[in-house]
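Residue strings, one per chain:
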Amino acid sequence: MTQPTPIRRVPGHRPLLLDLFCCAGGAATGYHRAGFDIIGVDIVERPNYPFTFVRADALEYLAELIASGEIKRFVAVHTSPPCQAGCALTIGTNKSRGWGREHVQLIPALRTLLDATSLPYVIEQPNGKAPVRRDVWLCGEMFGLGVLRHRNFELGRWTMPQPNHPRHRGYVRGYRHGVYRDGPYVAPYGSGGGKATVPEMQEAMGIPWTDVREELTEAIPPAFAQRIGTGLITATLGVAV
(Lines give C-alpha, C1' and ligand atoms only; values in the text may rest on other atoms or scores of the structure.)
Protein backbone atom coordinates (compact mmCIF):
# COMPACT_ATOMS: atom_id res chain seq x y z
CA MET A 1 0.00 0.00 0.00
CA THR A 2 1.24 3.50 -0.84
CA GLN A 3 2.08 5.42 2.33
CA PRO A 4 0.09 8.65 2.83
CA THR A 5 1.77 11.98 2.40
CA PRO A 6 2.33 13.45 5.88
CA ILE A 7 -0.11 16.23 6.71
CA ARG A 8 1.78 19.48 7.21
CA ARG A 9 0.74 21.34 10.34
CA VAL A 10 1.97 24.92 10.57
CA PRO A 11 1.62 26.59 13.99
CA GLY A 12 -1.47 28.78 13.95
CA HIS A 13 -2.85 27.12 10.80
CA ARG A 14 -5.09 24.12 10.34
CA PRO A 15 -4.67 21.65 7.44
CA LEU A 16 -7.26 22.15 4.68
CA LEU A 17 -9.68 19.35 3.81
CA LEU A 18 -11.91 19.21 0.72
CA ASP A 19 -15.47 18.03 1.49
CA LEU A 20 -17.21 16.84 -1.70
CA PHE A 21 -21.00 16.28 -1.87
CA CYS A 22 -21.01 18.18 1.40
CA CYS A 23 -24.75 18.65 1.99
CA ALA A 24 -25.31 20.64 5.23
CA GLY A 25 -22.00 19.85 6.89
CA GLY A 26 -22.45 16.91 9.25
CA ALA A 27 -19.13 15.42 8.14
CA ALA A 28 -17.44 18.82 7.87
CA THR A 29 -18.25 19.69 11.48
CA GLY A 30 -16.65 16.48 12.67
CA TYR A 31 -13.51 17.06 10.62
CA HIS A 32 -13.31 20.62 11.94
CA ARG A 33 -13.48 19.31 15.50
CA ALA A 34 -10.67 16.91 14.63
CA GLY A 35 -8.42 19.81 13.58
CA PHE A 36 -9.11 20.64 9.92
CA ASP A 37 -10.30 23.70 8.05
CA ILE A 38 -12.89 22.80 5.44
CA ILE A 39 -14.05 23.80 1.97
CA GLY A 40 -17.34 22.15 0.99
CA VAL A 41 -18.68 21.50 -2.50
CA ASP A 42 -22.25 20.59 -3.46
CA ILE A 43 -24.30 20.92 -6.62
CA VAL A 44 -27.19 22.36 -4.58
CA GLU A 45 -26.98 25.66 -2.70
CA ARG A 46 -26.43 24.92 1.00
CA PRO A 47 -26.96 28.10 3.04
CA ASN A 48 -26.79 26.11 6.28
CA TYR A 49 -23.29 24.78 5.56
CA PRO A 50 -21.14 26.12 8.43
CA PHE A 51 -17.84 26.50 6.54
CA THR A 52 -16.54 27.86 3.23
CA PHE A 53 -18.89 26.63 0.50
CA VAL A 54 -18.61 26.29 -3.29
CA ARG A 55 -21.64 25.47 -5.41
CA ALA A 56 -20.43 23.17 -8.19
CA ASP A 57 -20.61 19.67 -9.61
CA ALA A 58 -18.27 17.78 -7.29
CA LEU A 59 -16.60 15.63 -9.95
CA GLU A 60 -16.08 18.55 -12.31
CA TYR A 61 -14.73 20.71 -9.51
CA LEU A 62 -12.28 18.01 -8.40
CA ALA A 63 -11.11 17.49 -11.99
CA GLU A 64 -10.49 21.23 -12.34
CA LEU A 65 -8.50 21.32 -9.09
CA ILE A 66 -6.32 18.47 -10.32
CA ALA A 67 -5.79 20.02 -13.77
CA SER A 68 -4.88 23.43 -12.34
CA GLY A 69 -2.68 22.11 -9.55
CA GLU A 70 -4.90 23.81 -6.96
CA ILE A 71 -5.50 20.41 -5.37
CA LYS A 72 -2.12 20.90 -3.68
CA ARG A 73 -3.79 23.39 -1.32
CA PHE A 74 -5.52 20.45 0.35
CA VAL A 75 -4.14 17.69 2.55
CA ALA A 76 -7.06 15.24 2.24
CA VAL A 77 -10.46 14.73 0.61
CA HIS A 78 -13.70 13.48 2.17
CA THR A 79 -16.54 12.42 -0.12
CA SER A 80 -20.15 11.42 0.52
CA PRO A 81 -21.45 10.72 -3.02
CA PRO A 82 -25.17 10.18 -3.56
CA CYS A 83 -26.00 6.78 -2.11
CA GLN A 84 -29.32 5.97 -3.77
CA ALA A 85 -27.77 3.73 -6.42
CA GLY A 86 -26.44 1.29 -3.83
CA CYS A 87 -28.09 1.81 -0.44
CA ALA A 88 -30.01 -1.00 1.22
CA LEU A 89 -33.37 0.80 1.01
CA THR A 90 -33.13 1.42 -2.74
CA ILE A 91 -31.94 -2.06 -3.66
CA GLY A 92 -34.28 -3.74 -1.18
CA THR A 93 -37.78 -2.54 -0.36
CA ASN A 94 -38.00 0.17 -3.03
CA LYS A 95 -36.84 -2.09 -5.84
CA SER A 96 -39.03 -5.02 -4.82
CA ARG A 97 -42.12 -2.79 -4.79
CA GLY A 98 -41.28 -0.88 -7.97
CA TRP A 99 -40.78 2.40 -6.14
CA GLY A 100 -38.29 5.13 -6.97
CA ARG A 101 -36.25 5.62 -10.10
CA GLU A 102 -32.90 4.71 -11.62
CA HIS A 103 -29.88 6.32 -9.97
CA VAL A 104 -26.42 6.97 -11.41
CA GLN A 105 -23.48 5.33 -9.65
CA LEU A 106 -20.71 7.95 -9.37
CA ILE A 107 -18.21 6.07 -7.22
CA PRO A 108 -15.98 4.48 -9.93
CA ALA A 109 -15.40 7.85 -11.66
CA LEU A 110 -14.95 9.53 -8.29
CA ARG A 111 -12.35 7.01 -7.15
CA THR A 112 -10.36 7.50 -10.37
CA LEU A 113 -10.16 11.24 -9.67
CA LEU A 114 -9.32 10.70 -6.01
CA ASP A 115 -6.46 8.40 -6.94
CA ALA A 116 -5.18 11.12 -9.29
CA THR A 117 -4.93 13.59 -6.39
CA SER A 118 -2.29 11.48 -4.59
CA LEU A 119 -3.96 12.63 -1.35
CA PRO A 120 -5.44 10.57 1.48
CA TYR A 121 -9.17 10.29 0.91
CA VAL A 122 -12.42 8.93 2.33
CA ILE A 123 -15.51 7.62 0.52
CA GLU A 124 -18.51 7.34 2.86
CA GLN A 125 -21.59 5.22 2.08
CA PRO A 126 -24.45 3.50 3.93
CA ASN A 127 -24.86 -0.25 4.06
CA GLY A 128 -25.89 -1.74 0.73
CA LYS A 129 -24.19 -2.70 -2.52
CA ALA A 130 -22.29 0.47 -3.33
CA PRO A 131 -18.86 -0.42 -4.78
CA VAL A 132 -16.79 0.74 -1.79
CA ARG A 133 -14.43 -1.11 0.52
CA ARG A 134 -15.58 -1.42 4.10
CA ASP A 135 -12.23 -0.39 5.58
CA VAL A 136 -13.92 1.12 8.65
CA TRP A 137 -17.57 1.14 9.63
CA LEU A 138 -19.21 3.22 12.33
CA CYS A 139 -22.45 3.10 14.29
CA GLY A 140 -24.16 5.69 16.46
CA GLU A 141 -24.01 3.37 19.46
CA MET A 142 -20.21 3.73 19.38
CA PHE A 143 -20.78 7.37 20.36
CA GLY A 144 -23.88 7.08 22.53
CA LEU A 145 -26.11 8.70 19.93
CA GLY A 146 -29.85 8.39 19.44
CA VAL A 147 -29.39 6.92 15.94
CA LEU A 148 -27.62 3.83 14.64
CA ARG A 149 -26.92 5.19 11.12
CA HIS A 150 -24.38 2.49 10.18
CA ARG A 151 -21.90 3.90 7.66
CA ASN A 152 -19.00 2.37 5.72
CA PHE A 153 -15.79 4.25 4.95
CA GLU A 154 -13.30 3.43 2.22
CA LEU A 155 -9.91 4.85 3.16
CA GLY A 156 -7.60 5.68 0.26
CA ARG A 157 -3.83 5.93 0.88
CA TRP A 158 -4.17 5.54 4.67
CA THR A 159 -5.60 3.24 7.33
CA MET A 160 -6.96 3.35 10.87
CA PRO A 161 -8.13 0.70 13.36
CA GLN A 162 -11.73 -0.49 13.34
CA PRO A 163 -13.45 0.67 16.58
CA ASN A 164 -15.27 -1.92 18.67
CA HIS A 165 -18.99 -2.14 17.97
CA PRO A 166 -21.06 -2.14 21.21
CA ARG A 167 -24.22 -4.19 21.35
CA HIS A 168 -27.31 -2.19 20.41
CA ARG A 169 -29.51 -1.25 23.36
CA GLY A 170 -32.76 -2.07 21.56
CA TYR A 171 -34.81 -1.36 18.45
CA VAL A 172 -35.06 1.64 16.20
CA ARG A 173 -38.42 3.18 16.98
CA GLY A 174 -41.11 2.83 14.35
CA TYR A 175 -43.01 0.46 12.12
CA ARG A 176 -41.27 -2.32 10.23
CA HIS A 177 -43.26 -4.81 8.15
CA GLY A 178 -46.41 -3.55 9.80
CA VAL A 179 -45.18 -4.05 13.37
CA TYR A 180 -44.49 -1.07 15.64
CA ARG A 181 -41.61 -1.26 18.08
CA ASP A 182 -40.41 1.30 20.56
CA GLY A 183 -36.71 1.72 21.21
CA PRO A 184 -33.85 4.04 22.18
CA TYR A 185 -33.02 5.05 18.59
CA VAL A 186 -34.93 7.07 16.01
CA ALA A 187 -34.96 6.59 12.24
CA PRO A 188 -33.49 9.73 10.60
CA TYR A 189 -34.96 9.10 7.15
CA GLY A 190 -38.33 9.33 5.49
CA SER A 191 -41.44 10.51 7.30
CA GLY A 192 -44.42 8.88 8.98
CA GLY A 193 -44.50 5.37 10.39
CA GLY A 194 -42.84 6.46 13.61
CA LYS A 195 -39.90 8.08 11.81
CA ALA A 196 -38.06 10.87 13.64
CA THR A 197 -39.30 14.43 13.62
CA VAL A 198 -36.89 17.18 12.60
CA PRO A 199 -36.13 18.16 16.24
CA GLU A 200 -35.57 14.49 17.10
CA MET A 201 -33.13 14.08 14.21
CA GLN A 202 -31.26 17.24 15.20
CA GLU A 203 -30.82 16.02 18.77
CA ALA A 204 -30.12 12.38 17.96
CA MET A 205 -27.34 13.17 15.46
CA GLY A 206 -25.95 16.33 17.07
CA ILE A 207 -26.80 18.60 14.11
CA PRO A 208 -28.66 21.65 15.44
CA TRP A 209 -27.68 24.16 12.72
CA THR A 210 -30.10 22.94 10.02
CA ASP A 211 -33.80 22.19 10.25
CA VAL A 212 -34.13 21.07 6.63
CA ARG A 213 -35.40 17.48 6.67
CA GLU A 214 -33.65 16.50 3.45
CA GLU A 215 -30.31 17.74 4.77
CA LEU A 216 -30.74 15.86 8.04
CA THR A 217 -31.77 12.62 6.35
CA GLU A 218 -28.61 12.72 4.20
CA ALA A 219 -26.20 13.73 6.97
CA ILE A 220 -23.80 11.65 8.98
CA PRO A 221 -23.36 12.58 12.66
CA PRO A 222 -20.36 14.85 13.27
CA ALA A 223 -19.08 12.29 15.79
CA PHE A 224 -18.46 9.85 12.91
CA ALA A 225 -16.29 12.28 10.95
CA GLN A 226 -14.49 13.46 14.07
CA ARG A 227 -13.38 9.86 14.67
CA ILE A 228 -12.33 9.47 11.03
CA GLY A 229 -10.57 12.87 11.02
CA THR A 230 -8.69 12.12 14.22
CA GLY A 231 -7.61 8.81 12.75
CA LEU A 232 -6.48 10.54 9.56
CA ILE A 233 -4.30 13.03 11.40
CA THR A 234 -2.92 10.26 13.62
CA ALA A 235 -2.11 8.05 10.64
CA THR A 236 -0.36 10.79 8.68
CA LEU A 237 1.49 12.37 11.60
CA GLY A 238 2.25 9.12 13.37
CA VAL A 239 1.08 10.59 16.70
CA ALA A 240 -2.25 10.79 18.46
CA VAL A 241 -4.02 14.16 18.63
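Residues numbered from 1 in each chain as written. Predicted model: local features only at pLDDT ≥ 70, side-chain atom pairs only at ≥ 80, totals over all residues. Heavy atoms only, no water.

(A) Region of interest: the confidence of the model for the protein chain. With 85% of its residues at a pLDDT of 70 or more, the protein chain has an overall mean of 89. Confidence over residues 88–94 falls short of pLDDT 50; this stretch has 13 contacts with residues more than four positions distant or in other chains. (pLDDT = per-residue confidence, 0-100. Contact = heavy atoms within 4.5 Å.)

(B) Fine view of helix α2 (residues 58–68). Along α2, the residues that are buried comprise Ala58, Leu59, Tyr61, Leu62 and Leu65. In a view along the axis of α2, the buried residues occupy a sector of 165°, so they form one face of it. For α2, exposure combined with an orientation more than 90 degrees from the buried face picks out Glu64 and Ala67. Against β1 (16–20), β2 (37–42), β3 (52–55) and α4 (107–117) lie the buried residues of α2. The N-cap of α2, judged by a side-chain oxygen 3.1 Å from the amide nitrogen of Leu59 a few residues on, is Asp57. Gly69 sits one or two positions beyond α2 and adopts a positive phi of about 85°. (Buried < 20%, exposed > 50% of the residue type's maximum accessible area, 1.4 Å probe, protein only. Helix = DSSP H or I, 4+ residues; strand = E, 2+ residues; numbered from the N terminus. Arc of directions from axis to C-beta. Polar contact = N/O pair within 3.5 Å; in protein donor to acceptor, adjacent residues only side chain to side chain.)

(C) Geometry of the pairing of strand β4 (residues 76–79). Here β4 shows a buried face lined by Ala76 and His78 and a second buried face lined by Val77 and Thr79. The pairing of β1 with β4 spans four bridges and is parallel. From the neighbouring strand, Leu18 faces β4, where its bridge partner is Val77. Here β4 pairs with strand β5 (residues 121–126) via three bridges, running parallel. Counted as the bridge partner of His78 is Val122 from β5. (Pairing = 2+ DSSP bridges.)

(D) Spotlight on the nonpolar core. One finds Tyr31, Phe36, Phe153 and Ile228 to be the most contacted residues of the largest nonpolar core, which totals 39 residues. Among the elements of the structure, α1 (26–34), β6 (136–138), β7 (151–156), α5 (198–205) and α7 (222–237) are those that each provide at least two residues to this core. Looking at this core, the element that brings in the most residues is α7, giving five residues. Setting aside residues up to four positions removed in sequence, Phe153 forms contacts with Val122, Ile123, Glu124, Arg133, Arg134, Asp135, Val136, Leu138, Ile220, Phe224 and Ile228. (Core = buried A, V, L, I, M, F, W, Y, C linked by side-chain atoms within 4.5 Å.)

(E) Region of interest: the sheet that holds β5. Read across the sheet, seven strands follow the order β3-β2-β1-β4-β5-β7-β6 without closing on themselves; strand pairing throughout is mixed. The open sheet has two edge strands with one neighbour each: β3 and β6. Each neighbouring strand pair of the sheet contributes to a mean axis angle of 20°, computed without reference to strand direction. The pairing of β5 with β7 spans six bridges and is antiparallel. (Axes fitted to C-alpha atoms, helices over the stretch in contact; angles between N-to-C directions.)

(F) How the structure looks around the environment of Asp135. Inspection of the secondary structure puts Asp135 in the loop between β5 and β6. For Asp135, a relative accessible area of 30% corresponds to the partly exposed category. Separated by 13 residues in the primary sequence, Asp135 and Val122 have C-alpha atoms spaced 9.9 Å apart. When near neighbours in sequence (up to four residues on either side) are disregarded, Asp135 contacts Phe153, Glu154, Leu155 and Gln162.

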